[in-house]
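Here's the letter readout for the chains.
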Amino acid sequence: MENIIIQKVVEAIQLLYNENIESKLVQPQKTKKEFTGDLTVVVFPFIKASKKSPEQTAQEIGEYLLKNVEQIEDFNVVKGFLNLSISADYWLEAFQKINTDASFGFAPTSGKTYMVEYSSPNTNKPLHLGHLRNVFLGYAVANILKANGHEVFKTQIINDRGIHICKSMIAWQKFGNGETPQSSGIKGDHLVGKYYVEFDKEQKKEAQKKFDSWKNNHFSTTNPEIIEQYKEGIQDVKEEKISQEDFDKKFFEIAMNRTELHREAREMLRKWEEGDEKVVNLWKKMNGWVYEGFDVTYKTMGVDFDELYYESDTYILGKDVVEKGLEKGVFYQKPDGSIWCDLSAEKMDDKLLLRADGTSVYMTQDIGTAIERYKKHQNLSGLIYTVGNEQNHHFKVLFTILKKLGYAWADGCYHLSYGMIELPEGKMKSREGTVVDADDLMYSIVQDAKSMTQERGHIEGMSEGERENLYSTIGLGGLKYFLLKVDPKKGMVFDPKESIDLNGNTGPFIQYAYARIQSLLAKATQLGYSKSFATVETNDKEIGLIKLLNDYPVVINEAGSLYSPAILCNYIFALVQEFNNFYQTVDILREEDKNKLAFRLQLAENVGKVIKSGMSLLGINVPNKM
RNA sequence: GGCCCGCUAGCUCAGUUGGAUAGAGCAACUGCCCUCUAAGCAGUAGGUCUCAGGUUCGAAUCCUGAGCGGGUCACCA
């Protein structure tokens, strides 16, 4: 419809004023609620061509459109705004198409393939609230891309090696007494996380002892540098060059790095890299526990992956590429032998790619892994990394380097960056135990949903299993919607003391509307009402719903190209608001005109269809009763 | 300090190439269950869109500067 109008407006200006204007200048938009009409054309851009007042220009163009576009049946002019009314027949016809299209809103196959990476956890602790946002976001974006006709591979890279997991391993060896998930009844990832925390606690104790003895001028260390530094530090504090707080922080950190525990963890990492059998076996065992735990969490979350990558496999990648890059002159070498990428042209600091001793850094393996993925999936149109915005700079550098290396596909790489979730008192700190655990949060929100549902739900006649199922549908739906409705780029505050709101603009609000529709349809079937209708007289609430339904394909497209499930959330919410208004002001089953009744049933059915479809793209289920 | 991002109602957020009187939800107040599910609907109140300039028919939106908040600039991952 928009296209027809654009074309006809250009035509009108050509005929009326003998001027050619760019079709870009014609921007039909939805008419605001307080005015009558469906589409509005702003005529200000045309007054240069018409050389007449905005009002008169709008009037003349309006008359032309009324005569020459059959779907337009009326128009009105307010200042420079030309409001056009589209005929009900046009909307009814559009509705027929929606009604008969089983995969309404979804684009035909595009032939493109995308890879979406999300989650990518460390294996030394369980998933937390930040992962929930990450995973729900990545999963929803993957679904939305599929709905846009693309083939999608969902993937994660599991950070299964490194100093962090060694810490858990050391602590378990020292204090674990052979504890296992089976023996303790603790979920595997939580058990490993418990020892990570244990390690930190013990290390802090040891560091504190060391630090205290320094304060008393007892230096057990054989390293005279530390003593010297410390004494200088004290002097600086006296001269107020640094604050006591900064001094404490700095030397506590130094003490931490000089603890026996820290040395042991480093040593274990070294042994792991050598392939020491004992260490590798312990590593496999404890990672195994973590994976069992993650599986349960992912299952509760209702997400999955098509392809897994492990850092223990990929951390070696990239070295040869960097060396080749050096030969080709893309990178340069410093006198100490380290290899760097010059990014001054891009106004960024130079980036280290290989240390002087030839070992790699994070960036090195990211380069290698990206190349690996494009080798494995030829024709990949895009690679989407769902990673927090603290790594914005990292990805900017990564994509720039890939491009410098001559990989044209680097343009298809996209960092799906999202804002951090903060608690009312600030950032979550795993060391301070303020992290909101994913399993705990999901459990408690389902409990909330349970008590709310028992209070006001329509659960009579449901089996115990069906009820439990409903509680988790509502609870998790609420949680997912809560995390997805905010623009990914923005940070958000989460207060664990207040449970997530399940009224208003929420998942359950939408689920409730869906359940009402299903109940309505069931009752209609029971009463033997038909859903087929001839042409009917419509009211503006009905047309309003059709207009919104008609937007669904555009919304999917937009949500896909902007990688934003939030756009879809807002759309579904608006649709439900409109439907609730319709539902509460227009009779459906009580309607005496059976033709109208049938039409309204079918309208409700299609609203339900779109709600279900949209919610499923978000990874949210909808219940038939609640 | 350099670079990046954010700032819209008391709170949480919409507002996509600049368009009409800036919109929702929560919280507050007022109405509505005659069983089409009140987890709902209708209404009231709440705003110098952080501030100051600029661009033009027209700015929350674009430009410049300032303020506040966050991130990053690691031979950490």
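Here is what the cut-offs are and how they apply
- Residues numbered from 1 in each chain as written.
- Chains lettered and ligands numbered in written order.
- Predicted model: local features only at pLDDT ≥ 70, side-chain atom pairs only at ≥ 80, totals over all residues.
- Heavy atoms only, no water.
- Helix = DSSP H or I, 4+ residues; strand = E, 2+ residues; numbered from the N terminus.
- Buried < 20%, exposed > 50% of the residue type's maximum accessible area, 1.4 Å probe, protein only.
- Contact = heavy atoms within 4.5 Å.
- Areas by Shrake-Rupley, 256 points an atom, 1.4 Å probe, with all protein chains shown as cover.
- Lys, Arg positive; Asp, Glu negative; His and termini not counted.
- Charge placed at Lys NZ, Arg CZ, Asp CG, Glu CD.
- Phe/Tyr/Trp six-rings, centres within 6.5 Å; stacked < 30°, edge-to-face > 60°.
- Lys NZ or Arg CZ within 6 Å of the ring centre and 35° of its normal.
- Near = heavy atom within 4 Å.
- Polar contact = N/O pair within 3.5 Å; in protein donor to acceptor, adjacent residues only side chain to side chain.
- Expected span 1.5 Å × (residues − 1).
- Pairing = 2+ DSSP bridges.
- Domains from an automatic or database assignment.
- Core = buried A, V, L, I, M, F, W, Y, C linked by side-chain atoms within 4.5 Å.
- Salt bridge = Lys/Arg side-chain N within 4 Å of Asp/Glu carboxyl O.

Engineer: Honestly, the overall build of chain A in this entry has me stumped. Any pointers?
Structural biologist: Counting its regular elements, chain A contains 22 helices and 14 strands. Seen through its principal axes, chain A has C-alpha atoms that stretch 95 × 65 × 55 Å. Within the span of chain A, comprising 626 residues, buried residues form 51% of the whole. Residue pairs in contact within chain A that sit at least 24 positions apart in sequence constitute 74% of those at least 6 positions apart. Carbon and sulfur atoms make up 48% of the accessible area of chain A, which amounts to about 31000 Å² in all. In chain A, which carries 77 positive and 89 negative side-chain charges, the distance between the mean positions of the two groups comes to 1 Å.

Engineer: When you look at the packing of aromatic side chains in this model, what are you seeing that I'm missing?
Structural biologist: Note on aromatic pairs: each is described by the distance of the centres and the angle between the planes. For the coordinates displayed, the defined rule picks out 25 aromatic pairs. For the ring pair Phe 104 and Tyr 552, a centre distance of 5.9 Å and an interplane angle of 40 degrees mean the geometry is tilted. You can see Phe 104 sitting in the loop between helix H4 (88-100) and strand E5 (113-117) and its partner Tyr 552 sitting in helix H20 (residues 540-561), a full 448 residues away along the chain. Comparing Phe 104 with Tyr 552 shows no difference in burial state: the two are buried. For the ring pair Trp 272 and Trp 283, a centre distance of 5.2 Å and an interplane angle of 65 degrees mean the geometry is edge-to-face. With a gap of 11 residues between them, Trp 272 in helix H11 (residues 260-274) and Trp 283 in helix H12 (residues 277-301) connect regions that are remote in the sequence. Relative accessible area serves as the criterion here: at 11%, Trp 283 is assigned to the buried category. Ring pairs connect the aromatic residues Tyr 118, Phe 294, Tyr 298 and Phe 305, which therefore count as one cluster. The cationic tip of Lys 334 hangs over the ring face of Trp 340; the distance from NZ or CZ to the ring centre is 3.7 Å. One cation-aromatic arrangement involves Arg 373 over Tyr 309; the distance from NZ or CZ to the ring centre is 4.6 Å.

Engineer: I'm lost on the protein's contact with RNA strand B in this one. Help?
Structural biologist: Neighbouring residues of RNA strand B: 59 residues in total, closest Asp 349, His 458, Tyr 512, Glu 558 and Arg 590. The contact atoms of RNA strand B, taken as those within 4 Å of the protein, divide so that sugar and phosphate hold 57%. Note that a base oxygen of RNA strand B is positioned 3.2 Å from one of the side-chain N or O atoms of Gln 27. For RNA strand B, a sugar or linking oxygen lies 3.2 Å from a polar atom in the side chain of Asn 580.

Engineer: Explain helix H1 (residues 2-17) here, please?
Structural biologist: Every α-helix carries 3.6 residues per turn, so stepping three or four residues along brings you back to the same face. Taking 1.5 Å of rise per residue, 16 residues should cover 22 Å, and H1 covers 22 Å from first to last C-alpha, within 8% of that figure. For H1, every residue scored as buried is listed here: Ile 5, Ile 6, Lys 8, Val 9, Ala 12, Ile 13 and Tyr 17. Two residues or fewer past H1, Asn 18 is found with a positive phi of approximately 60 degrees.

Engineer: How should I be thinking about the sheet that holds strand E1 (residues 29-30) in this particular structure?
Structural biologist: Think of a sheet as strands paired side by side through backbone hydrogen bonds, with each pair either parallel or antiparallel. Spatial strand order, E1-E2-E4-E3: four strands in an open sheet with antiparallel pairing. Each of the sheet's edge strands pairs with one partner strand only, and the pair in question is E1 and strand E3 (72-78).

Engineer: What should I look at first to understand the environment of Gly 461 in this one?
Structural biologist: Locating Gly 461 in the fold gives a position in the loop between helix H17 (438-456) and helix H18 (464-484). Linking Gly 461 and Arg 590, residues 129 residues apart in sequence, is a C-alpha distance of 26 Å.

Engineer: I tried to follow the side chain of Gln 518 on my own but got confused; where do I start?
Structural biologist: On the secondary structure map, Gln 518 appears in helix H19 (residues 507-527). Setting aside residues no more than four positions away along its own chain, Gln 518 makes contact with Gly 608 and Asn 624.

Engineer: Which parts of the structure should I look at to understand the domain arrangement of chain A?
Structural biologist: How big an interface is tends to be stated in terms of accessible area lost as the parts join. By the assigned domains, chain A splits into domain 1 (2-86) and domain 2 (162-301). Relative to domain 2, the C-alpha centre of domain 1 lies at a distance of 70 Å.

Engineer: Looking at this structure, I do not really get the nonpolar core. What am I missing?
Structural biologist: In a soluble, globular protein the nonpolar side chains are often hidden away together inside. Within the largest apolar cluster, 149 residues are counted, with the highest numbers of intra-cluster contacts made by Leu 132, Leu 479 and Ile 611. With 12 residues, helix H5 (residues 129-147) is the single largest residue contributor to this core. There are two domains that each give this core at least three residues, and those are domain 1 (2-86) and domain 2 (162-301). Excluding residues within four positions of it along the chain, Leu 132 makes contact with Met 301, Ala 438, Leu 441, Met 442, Leu 479 and Leu 483. The next biggest cluster of nonpolar side chains, apart from the first, holds 32 residues, and it includes Met 115, Ile 157, Leu 354 and Tyr 374.

Engineer: Which parts of the structure should I look at to understand unusual backbone geometry?
Structural biologist: Peptide bonds are, in most cases, trans, and in most cases residues other than glycine have a negative phi. Of note in the backbone geometry, Ser 119 takes a positive phi value of approximately 75 degrees without being a glycine. Turning to its location among the elements, Ser 119 is positioned in the loop between E5 and H5. For Ser 119, a relative accessible area of 5% corresponds to the buried category. With a phi close to 50 degrees, Tyr 563 is a non-glycine residue in the positive phi region. Position of Tyr 563 relative to the elements: it lies in the loop between H20 and helix H21 (565-585).

Engineer: Could you clarify how one ought to interpret the environment of Asn 287 in this entry?
Structural biologist: Within the element layout of this structure, Asn 287 appears in helix H12. For Asn 287, a relative accessible area of 3% puts it in the buried group. Separated by 126 residues in the primary sequence, Asn 287 and Arg 161 have C-alpha atoms spaced 9.3 Å apart. The contacts of Asn 287, once residues within four sequence positions are left out, are Thr 123, Asp 160 and Ile 165. Looking at Asn 287, its side chain comes within polar contact range of the side chain of Thr 123, at 2.8 Å.

Engineer: When you look at the pattern of salt bridges in this model, what are you seeing that I'm missing?
Structural biologist: In a structure, side chains of opposite charge can pair up when their charged atoms sit close to one another. Scanning the entire structure with this criterion turns up 27 salt bridges. Among the ionic pairs, Lys 174 bridges to Glu 264, the shortest N-O distance being 3.0 Å. Here Lys 174 is found in helix H6 (residues 163-175), whereas its partner Glu 264 is found in helix H11, with 90 residues between them in sequence. Judged by relative accessible area, which is 41%, Lys 174 ranks as partly exposed. The shortest N-O distance in the salt bridge between Glu 267 and Arg 270 comes to 2.9 Å. Residue Glu 267 and its partner Arg 270 are both found in helix H11; the two are separated by three residues, about one turn of the helix. Judged by its relative accessible area of 29%, Glu 267 falls in the partly exposed class.

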